[in-house]
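What follows is the residue order along each chain.
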Amino acid sequence: METLPLFLKLDGVPVLLVGGGEIGTRKARLLAAAGALITVVAPAISDELAALLGLPEGVQPDERAHHRWIRGPYNGPEQLQGARLVVVATPDRALNAEISAAARTAGMLVNVVDSPELCSFIFPAIVDRSPLVIAIGSNGGSPVLARQVRRRIEAMVPAAYGRLAQFARSLRSTVARALPDVEHRRRFWEQVIDGPIAGKVLAGREGEARASLGQLLALQQRNPKSLNQGEVYLIGAGPGDPDLMTFKALRLLQAADVVLYDRLVNPAIIDLARRDAERIYVGKQRSQHSVPQPDINQQLLDLARQGRRVARLKGGDPFIFGRGGEEIELLARHHIPFQVVPGITAASGAACYAGIPLTHRNHAQSVRFVAGHLKDNRLQHRWNEFQSPSETLVFYMGLAGLEEICSQLVAHGRDPDTPVAVIERATLPEQRVLTGSLASIAGVVAKSRPSAHTLIIVGDVVRLQGELDWFGATDPGSGSAPDQ
């Protein structure tokens, strides 16, 4: 890290602000909100800053005033005396450098607006849900990006979270006395924050929330092991892009003590788990099962019985060719609590990022998801049901059986010129879209040799790909669908 994020207590702390224009006013808002005693040095100040300081223009405050304005230019290091923090917001770069050097020599923290090289601290972008405060910084490299991240967090963190933080703070010492064990107390608070008690606080029913927390706390004192029951979160990680995960998926992933994942899960998604969470690879590949499915099911059960919260990450959606149902059947039989979080299935993610609408009024009125992997070297489907030109077919795990898929569709009546797309590593920066027809796509794939992270789309909607390809990842060396 170039800088260490810190939160400063400024209530009653004297701060010198040099500059009284629009930028200085913005900094003064933050300083005043934190309770600082602000002294402004500037020939003139904005009307908003004057109102913030409680000063009519040109009037010097008496000693009882909270803030004060020294009307005139900065005239030397002696004006720094008494300040603990210095903020410089003038358009004069030479003056800014002079004040920064003087402040550093005096051992003061200094911020010079828009000049990170002159700063010993930087104002972050702030999400204020007091007493919960979130700060985002880019070390001065890209304030616009920091503000964009702040807007995203603003949308994710409801305003009522401030109420929840205040509720937790008001009961922190009570809970600490009742539950002296640190790990026990952490699990207790996680249950409160993730459960119905927090829901009552966010809904404004704090009286009910306090009563419920008191009951839960009494139960913990009588039976500390009541928090030790494990739980499994079966989480759809989506097609690859971490931004496509749901808020609930991210929340439960970050609450897990242990994470089980396979090869279809983007490593960037696994990195979103808690740093101290155990990570267990249970990946499977075609004809090479590193962990048999029954063993994975048993492992989920065993970990939950140990009282651990287990996140099972599945690529795409766990209930669409993800064997998610098999994994929770054993949990249900043994009465282990579990949650299932749907994810964006590969068909939706791949089609959208390839610019192929799965349905379109002029091209396809239905879509069918089909398992495309071989069993005993055969694809056992009712191929005669796949012949409607107004239906889009999406084959999962079909790369190895692509040639047979195409030949069977043609043999049972599908037009050989039907457009086909093979999408590799969908939604990721290295995504490729290979296009052709039932007659030609096998040759295109043989030439381009995509990896097994692929999805196959068959149907007239593939004709739209060239026009709607907003992600821009079509392989220039691939074949092309018939002309539109």
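Structure first, text after, so check above.
The following paragraphs examine the structure supplied in this document. (Residues numbered from 1 in each chain as written. Predicted model: local features only at pLDDT ≥ 70, side-chain atom pairs only at ≥ 80, totals over all residues. Heavy atoms only, no water.)

Description of the sheet that holds strand β16 (residues 391-396)
- With mixed pairing, the five strands of this open sheet are ordered in space as β15-β16-β19-β17-β18. Looking at the sheet topology across the chains shown, the edges are occupied by β15 (366-371) and β18 (432-437). The average angle at which neighbouring strand axes cross in this sheet is 20 degrees, direction not considered.
- In the sheet, β16 pairs with strand β19 (residues 454-458) via four bridges, with the strands oriented antiparallel. Each bridged residue has a counterpart across the sheet, and for V394 the counterpart in β19 is I457.
- Each of β15, β16, β17 (419-424), β18 and β19 is contacted by helix α13 (residues 346-354), which is oriented at about 75 degrees to β19, the strand it contacts most. (Pairing = 2+ DSSP bridges. Helix = DSSP H or I, 4+ residues; strand = E, 2+ residues; numbered from the N terminus. Axes fitted to C-alpha atoms, helices over the stretch in contact; angles between N-to-C directions. Contact = heavy atoms within 4.5 Å.)

Some words on helix α5 (residues 161-178)
- Taking 1.5 Å per residue as the helical rise, α5 with its 18 residues ought to reach 26 Å, and the 25 Å between its terminal C-alpha atoms agrees with that figure.
- Most pronounced at R172, the bend in α5 amounts to some 45 degrees.
- For α5, every residue scored as buried is listed here: G162, L164, F167, A168, L171, V175 and A178. (Expected span 1.5 Å × (residues − 1). Bend = angle between axes of the 7 residues up to and from the residue. Buried < 20%, exposed > 50% of the residue type's maximum accessible area, 1.4 Å probe, protein only.)

Brief notes about the nonpolar core
- One finds L31, I38, V40, I45, L53, W69 and V87 to be the most contacted residues of the largest nonpolar core, which totals 20 residues.
- Elements with a minimum of two residues in this core: β1 (14-18), α1 (22-33), β2 (37-42), α2 (47-53) and β4 (85-88).
- When near neighbours in sequence (up to four residues on either side) are disregarded, I45 contacts G20, V40, A50, L53 and W69. (Core = buried A, V, L, I, M, F, W, Y, C linked by side-chain atoms within 4.5 Å.)

Considering the sheet that holds strand β5 (residues 109-112)
- The sheet built from five strands is open, its strands ordered β3-β2-β1-β4-β5 with parallel pairing. Looking along the sheet, the strands with just one partner apiece sit at the ends: β3 (68-71) and β5. Taking each pair of neighbouring strands and ignoring which way they run, the sheet shows an average axis angle of 15 degrees.
- Sheet topology places β2 next to β3; four bridges connect them, and they run parallel. Note on β3: the bridge partner recorded for T39 is R68.
- Here helix α3 (residues 93-105) sits on the sheet in contact with β1, β4 and β5, set at roughly 165 degrees to β5.

What about the environment of V87?
- Structurally, V87 is set in strand β4.
- The spacing of V87 and N362 is 275 residues in sequence and 62 Å in space, taken between C-alpha atoms.
- In this structure, V87 is in contact with V15, L16, L17, V18, K27, L31, N111, F121 and F123, ignoring residues within four places of it in sequence.

As for the side chain of R414
- Checked against the element boundaries, R414 lands in the loop between α14 (402-411) and β17.
- Buried charge R414 goes without a salt bridge, the closest partner of opposite sign being E391 at 5.9 Å.
- At 3.2 Å, the side chain of R414 forms a polar contact with the backbone oxygen of E391.
- Not counting chain neighbours up to four residues away, the residues in contact with R414 comprise F386, Q387, S388, P389, E391, L393, L409, L438, V458 and G459. (Lys, Arg positive; Asp, Glu negative; His and termini not counted. Salt bridge = Lys/Arg side-chain N within 4 Å of Asp/Glu carboxyl O. Polar contact = N/O pair within 3.5 Å; in protein donor to acceptor, adjacent residues only side chain to side chain.)

Describing the packing of helix α11 (residues 293-305) against helix α12 (residues 324-333)
- One can describe the packing of α11 onto α12 by two numbers: an axis separation of 9 Å at closest approach and a directional angle of 45 degrees. In terms of orientation, α11 lies oblique with respect to α12. Note that α11 runs across α12; the crossing there is right-handed. Side by side, α11 and α12 meet where Q293, I296, N297, Q298, L300 and L301 of the first sit next to E326, E327, L330 and L331 of the second.
- Here the contact of α11 with α12 is built from residues that sort into five nonpolar, three polar and two charged. (Parallel < 35°, antiparallel > 145°, perpendicular 65-115°, else oblique. Left-handed = near helix turned anticlockwise from the far one by under 90°. Nonpolar A, V, L, I, M, F, W, Y, C, P; charged D, E, K, R; others polar.)

A closer look at the pairing of strand β9 (residues 258-261)
- Taking every second residue as pointing to the same face, both faces of β9 are buried, with V258 and L260 on one and V259 and Y261 on the other.
- In this sheet, strand β13 (residues 309-314) lies alongside β9 in parallel orientation, the contact comprising three bridges. In the sheet register, V258 faces β13, and the bridge partner there is V310.
- As judged from the four bridges shared by β9 and strand β10 (residues 278-281), these two strands associate in the parallel manner. Bridging from a neighbouring strand, L260 pairs with I280 of β10.

Description of the pattern of salt bridges
- The tally for this structure, following the rule as stated, stands at 22 salt bridges.
- Across the pair E278 and R308 runs a salt bridge whose closest N-O atoms are separated by 2.9 Å. Of this pair, E278 sits in strand β10 while R308 sits in the loop between α11 and β13, and the two are 30 residues apart along the sequence.
- Judged by its relative accessible area of 21%, R308 falls in the partly exposed class.
- Through salt bridges with shared partners, a single network forms among R186, R187, E190, D257, R274, D276 and R309.

A look at a nonpolar patch on the surface
- A cluster of nonpolar side chains, F321, V367, F369 and M397, forms an exposed patch at the surface whose accessible area comes to about 310 Å².
- Within the secondary structure, V367 is located in strand β15.
- Residue classification places V367 among the partly exposed positions, given a relative accessible area of 33%. (Patch = residues over 30% accessible without salt bridge, like charges linked within 9 Å, V, L, I, M, F, W, Y side chains within 5 Å. Areas by Shrake-Rupley, 256 points an atom, 1.4 Å probe, with all protein chains shown as cover.)

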